[in-house]
Structure formats: structure tokens, C-alpha cells
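Okay, here's what each chain looks like letter by letter:
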Amino acid sequence: MTRIEKEKTCEDIERMIKMCVGCCGKTASDYYIGITTVPERRLQEHNVDIETNCGWLFRAENETAAREVEKNFTVDAVQGWRMRGDQGGGTGDDGDVYYVYCYLVTTDTIQ
């Protein structure tokens, strides 16, 4: 899993996700997207192996940007870019730093 710690805007994150998915030879629907303030715990809950699973973790500039990315790939997704994910729910986390995570769904991962 690739981790990007420099804060990114909604547009930057969306562009990077599209580029990464395109390079992996998969489609967007093969991926799960979500947001969290505690990425290690959340990925563990999804049973994502951060060492071997194909995925990305982006630090968003704020909560609004993180929620917008999630919404744009789930609820408001343009054709061909709809991912699996929580469609408008909360993170269940408390914190000021928001991350957008995206991982390849496998038989081992839990949505």
C-alpha cells in the first residue's frame, strides 16, 4: 500500500486515484474507498494487509475534501469510476486529520 502524507486537495486525490487504478490493470469497481482519521486501525478492520495489498492512503487537506472524494467515487461516481464503499456514512473516528483509503478488494478483505 502506498501512503501519501503530504496534504492533498479533493481534486489531487481523485486524479491520483484514477492514475493508480489505471496503472494496475483493474477497474474502479474492483476497489473499496473510504475515509478515516485512524488509517491503520480502519485498514485492519477491513483485513487489508498494508504490506501486500494493492492500495493507496492519501492525507486529505480537511474533512470536507476527504468526504467529497469518497462521495465522488461512490454516490456521484461518473460511469466507469464507481467504487465499492460507504455511501455517505461517517468515519466512526474522532480526529482532525482525515485520510482517504482505497484498496483492491480480494477474497481476504472485508467490506
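Just above sits the structure.
Quick caveat, the model's predicted, so the values are computed rather than measured.

J.: Describe in detail the side chain of Glu 14, supporting the description with residues and values.
T.: Inspection of the secondary structure puts Glu 14 in helix H1 (residues 10-24). There is no salt bridge for the buried Glu 14, and the closest opposite charge comes from Lys 18, which lies 5.5 Å off by N-O distance. There is a polar contact of 2.5 Å between the side chain of Glu 14 and the side chain of Asn 72. Apart from residues lying up to four places away in sequence, Glu 14 is in contact with Glu 68, Val 69, Asn 72 and Phe 73.

J.: Explain the pattern of salt bridges residue by residue, including any values.
T.: Evaluation of the coordinates by the stated rule reveals nine salt bridges. Between Glu 5 and Arg 3 there is a salt bridge; the shortest N-O distance is 2.5 Å. Here Arg 59 makes a salt bridge to Glu 5, at a shortest N to O gap of 3.9 Å. Here Glu 5 lies in strand S1 (residues 2-8) and Arg 59 lies in strand S3 (residues 55-60), a separation of 54 residues in the sequence.

J.: Run through the sheet that holds strand S4 (residues 84-85), naming residues and quoting values.
T.: Backbone-to-backbone hydrogen bonds join strands into a sheet, with any given pair of strands oriented parallel or antiparallel. Here five strands make up an open sheet; going across it, the order is S1-S3-S5-S2-S4 and the pairing mixed. The open sheet terminates on both sides in strands that have one partner only, identified here as S1 and S4. Bridging between strand S2 (residues 31-36) and strand S5 (residues 99-104) involves six bridges; their strand directions are antiparallel. Across the sheet, the residue bridging to Tyr 31 is Leu 104, located in S5.

J.: Go over the nonpolar core with me, naming the residues and quoting the values.
T.: One finds Ile 17, Val 69, Met 83 and Val 100 to be the most contacted residues of the largest nonpolar core, which totals 21 residues. Of all the secondary structure elements, the ones that give two or more residues to this core are H1, S2, S3, helix H3 (63-73) and S5. Sort the elements by how many residues they give to this core and H1 lands first, with five residues. For Val 69, the residues in contact, after removing those within four places along its chain, are Cys 10, Ile 13, Glu 14, Ile 17, Ile 33 and Val 100. Residues Leu 43, Val 48, Leu 57 and Tyr 99 belong to the second largest nonpolar core, which totals eight residues.

J.: Give me H1: which residues, what numbers.
T.: Relative to the 21 Å expected for 15 residues at 1.5 Å per residue, H1 spans 21 Å between its end C-alpha atoms, a close match to the ideal helical length. Every buried residue of H1 is listed here: Cys 10, Ile 13, Glu 14, Ile 17, Cys 20 and Val 21. When H1 is viewed along its axis, its buried side chains cluster within an angular range of 135 degrees and face the same direction. Turned more than 90 degrees off the buried face of H1, the exposed positions are Glu 11, Arg 15, Met 19, Gly 22 and Cys 23. Next to the buried residues of H1 lie S1, S2, S3, H3 and S5. One or two positions beyond H1, positive phi appears at Gly 25, with a value near 75 degrees.

J.: Explain H3 residue by residue, including any values.
T.: Residues of H3 that are buried: Ala 65, Ala 66, Val 69, Glu 70 and Phe 73. Along H3, the residues classed as buried sweep out an arc of 135 degrees about the axis, all on the same side. Considering only its buried residues, H3 is in contact with H1, S2, S3 and S5.

Cut-off values and rules
- Residues numbered from 1 in each chain as written.
- Predicted model: local features only at pLDDT ≥ 70, side-chain atom pairs only at ≥ 80, totals over all residues.
- Heavy atoms only, no water.
- Helix = DSSP H or I, 4+ residues; strand = E, 2+ residues; numbered from the N terminus.
- Buried < 20%, exposed > 50% of the residue type's maximum accessible area, 1.4 Å probe, protein only.
- Lys, Arg positive; Asp, Glu negative; His and termini not counted.
- Salt bridge = Lys/Arg side-chain N within 4 Å of Asp/Glu carboxyl O.
- Polar contact = N/O pair within 3.5 Å; in protein donor to acceptor, adjacent residues only side chain to side chain.
- Contact = heavy atoms within 4.5 Å.
- Pairing = 2+ DSSP bridges.
- Core = buried A, V, L, I, M, F, W, Y, C linked by side-chain atoms within 4.5 Å.
- Expected span 1.5 Å × (residues − 1).
- Arc of directions from axis to C-beta.

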